[in-house]
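So you can see what is in the structure, the chains are spelled out below.
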Amino acid sequence: MDVSSLTYHRFVQFALEEAQRRTSLVPLPAQDRFKCISARDNKSELHALSFHAPKIRCLRGLNIAGGKMMQVLDFAIFPEAEFDLPIFCANFFTGPTISIVVLDLNPLHDVITQNDYKDKYYKELLPLGKRYAELLPWGDKITSESLKFFSPIVIWSKFTPSQSMHEILYSAFMDYFKAWLDLMEKSAEEKDPLQIILNREAQHRYLTWRAEKHIPEKQDPGYPMLKKLLGESSAKDLVDNFLFNGVSFLGTKTFLDYFPEYGRQDGTISQKRSIVGKSFETRPWDEKGNFICNGFE
Ligand code: BLA
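Residues numbered from 1 in each chain as written. Predicted model: local features only at pLDDT ≥ 70, side-chain atom pairs only at ≥ 80, totals over all residues. Heavy atoms only, no water.

Draft legend 1. Examining the overall build of the protein more closely. Scanning the protein for helices and strands turns up 9 helices and 10 strands. Against the globule reference of 19 Å for 297 residues, the protein gives a C-alpha radius of gyration of 18 Å, in line with a compact fold. Its C-alpha atoms give the protein principal-axis dimensions of roughly 50 × 50 × 40 Å. Taking all 297 residues of the protein together, the buried fraction comes to 53%. Looking at the protein alone, contacts between residues at least 24 apart form 67% of all its contacts between residues at least 6 apart. Within the protein, one finds 37 positive and 39 negative side-chain charges whose respective centroids are separated by 3 Å. (Helix = DSSP H or I, 4+ residues; strand = E, 2+ residues; numbered from the N terminus. Rg over C-alpha atoms; globule rule 2.2 N^0.38 Å. Buried < 20%, exposed > 50% of the residue type's maximum accessible area, 1.4 Å probe, protein only. Contact = heavy atoms within 4.5 Å. Lys, Arg positive; Asp, Glu negative; His and termini not counted. Charge placed at Lys NZ, Arg CZ, Asp CG, Glu CD.)

Draft legend 2. Inspection of the site of the ligand at higher detail. In the vicinity of the ligand lie 22 residues, with Asn-91, Ile-100, Ser-146, Trp-209 and Pro-221 positioned nearest. Measuring from an oxygen atom of the ligand, one finds a side-chain N or O atom of Ser-146 at 2.7 Å. A distance of 3.2 Å separates an oxygen atom of the ligand from a polar side-chain atom of Trp-209. Sorting the residues of the shell around the ligand by element identifies strand 5 (70–79), strand 6 (87–94), strand 7 (99–106), strand 8 (142–143), helix 6 (193–212) and helix 7 (222–230) as the ones contributing at least two each. The dominant element in the shell around the ligand, judged by the number of residues it contributes, is strand 6, at 3 residues. (Near = heavy atom within 4 Å. Polar contact = N/O pair within 3.5 Å; in protein donor to acceptor, adjacent residues only side chain to side chain.)

Draft legend 3. The arrangement of the pairing of strand 7 in detail. The buried fraction of strand 7 is high, at 7 of 8 residues. By the bridge criterion, 8 bridges tie strand 6 to strand 7 in an arrangement that is antiparallel. When the sheet's bridge partners are listed, Phe-92 is paired in strand 7 with Val-101. Two successive antiparallel strands, strand 6 and strand 7, enclose a turn made up of 4 residues. Of the pairings in the sheet, the one linking strand 7 to strand 9 (residues 155–159) comprises 5 bridges and is antiparallel in character. Looking across to strand 9, one finds that Val-101 is bridged to Ser-157. (Pairing = 2+ DSSP bridges.)

Draft legend 4. Layout of the environment of Asn-106. Relative to the helices and strands, Asn-106 is located in strand 7. Using a relative accessible area of 1% as the deciding quantity, one classes Asn-106 as buried. Along the backbone, Asn-106 and Cys-89 are 17 residues apart, and their C-alpha atoms lie at a distance of 6.4 Å. When residues no more than four places from it in sequence are discounted, the contact partners of Asn-106 are Pro-86, Ile-87, Cys-89, Tyr-122, Phe-149, Phe-150 and Tyr-206. There is a polar contact of 3.2 Å between the side chain of Asn-106 and the backbone oxygen of Phe-149. A polar contact of 2.5 Å, which involves the side chain of Asn-106, links it to the side chain of Tyr-206.

Draft legend 5. Layout of the pattern of salt bridges. On inspection of all chains with the given rule, the structure shows 16 salt bridges. Between Arg-33 and Asp-237 there is a salt bridge, and its shortest N-O distance comes to 2.6 Å. Residue Arg-33 is located in the loop between strand 1 (26–27) and strand 2 (36–38), and its partner Asp-237 is located in helix 8 (residues 232–243); the two are separated by 204 residues in the primary sequence. (Salt bridge = Lys/Arg side-chain N within 4 Å of Asp/Glu carboxyl O.)

Draft legend 6. Local environment of the nonpolar core. Ranked by internal contacts, the top residues of the largest apolar core, which has 98 residues, are Leu-59, Phe-75, Phe-88, Phe-92, Leu-103, Phe-173 and Phe-177. Looking at this core element by element, the count peaks at 13 residues for helix 5 (residues 163–186). Setting aside residues up to four positions removed in sequence, Phe-92 forms contacts with Tyr-8, Phe-11, Gln-71, Val-72, Leu-73, Ile-100, Val-101, Val-102, Leu-103, Leu-169 and Phe-173. (Core = buried A, V, L, I, M, F, W, Y, C linked by side-chain atoms within 4.5 Å.)

Draft legend 7. Layout of the pairing of strand 6. Burial of strand 6 is extensive: 6 of the 8 residues sit out of reach of the surface. Of the pairings in the sheet, the one linking strand 5 to strand 6 comprises 7 bridges and is antiparallel in character. From the neighbouring strand, Gln-71 faces strand 6, where its bridge partner is Thr-94.

Draft legend 8. Region of interest: the packing of helix 3 (residues 126–135) against helix 5. Here helix 3 crosses helix 5 at 165°, and the two axes come no closer than 11 Å. Taken together, the axes of helix 3 and helix 5 are roughly antiparallel relative to one another. Handedness of the helix 3/helix 5 crossing: left-handed. Across the interface between the two elements, Leu-128, Gly-129, Arg-131, Tyr-132 and Leu-135 of helix 3 pack against Met-165, Ile-168, Ser-171, Ala-172, Asp-175, Tyr-176 and Ala-179 of helix 5. When the residues that make up the contact of helix 3 with helix 5 are grouped by side-chain class, the tally is 8 nonpolar, 2 polar and 2 charged. (Axes fitted to C-alpha atoms, helices over the stretch in contact; angles between N-to-C directions. Parallel < 35°, antiparallel > 145°, perpendicular 65-115°, else oblique. Left-handed = near helix turned anticlockwise from the far one by under 90°. Nonpolar A, V, L, I, M, F, W, Y, C, P; charged D, E, K, R; others polar.)

Draft legend 9. Up close: helix 1 (residues 9–22). Here helix 1 spans 20 Å end to end across 14 residues, near enough to the 20 Å set by a 1.5 Å rise per residue. Taken as a whole, helix 1 has its buried residues at Phe-11, Val-12, Phe-14, Ala-15, Leu-16, Glu-18, Ala-19 and Arg-22. Buried residues in helix 1 make contact with strand 3 (45–53), strand 4 (56–66), strand 5, strand 6 and helix 5. (Expected span 1.5 Å × (residues − 1).)

Here's what the structure looks like:
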């Protein structure tokens, strides 16, 4: 299918208007150099934007309008460390034959074992998750490592692109975005210095995972495409300083400190995309948001 009509401009437009209505966004000047990035293929346009706001360390979006062949949206909100709010995550790839979708309020802390954290943010959102999980079916097997970063209301989906699925995705995006803003409005500032440190470290671990997954050796599907569009050094700059801004200053731990299972005997990082492998053919949460897969360490 020609995907040039399935753009993500509306999604970004909605998010900015809604966020502006409910808080006050201030552009992040350090990010200005990413605003206008020209692609090497002379066909794709990259649009990048980033802001901060009270409670929000960084709200950023990258939209790649690649004409007939590709449309991409990577939109995220990273809270200040004083808040244990989830990380808003919309990561959509549309090609001529497939759309690959992750839409979630990625939990900052573990929701498989920490029931109080899970209930605090997700209990009331389970019906929302259920509604869209029915419309956007589970995207088949996934690497277990990624799954640990997802919440009980994650939308992980793969489907044949179409206008009607695009509309459903737009509606899901709007509802999840509004749900995140609701949580933000209610959240209270953490005063306990230790908890703030834990929040910051959890966010740094998340950024480390996602940034590292974009380096070439890991063969993350996004990175080769960015490299082709921008060249190697601009792609790396975009990943480290724009998409996963904070990875170089929110903490000092390395990928192997957080994910030692990726270590090889010579001290380098294993090139495998997943150590555990892919599994979870079906949605591994029950209706109450409990994780229901046996043998998951
Ligand atoms: C595929 N992107 C994927 C997959 C996931 C994600 C889970 C499925 C393959 C896999 O299991 O690794 C996204 N993974 C995430 C997210 C988290 C995570 C959001 O762990 C959060 C914790 N993707 C991009 C960009 C492009 C892109 C910028 O971010 C393109 C320019 C493309 N992603 C892309 C493509 C695929 C993909 C082409 C499918 C390729 C494949 O499965 O081999």
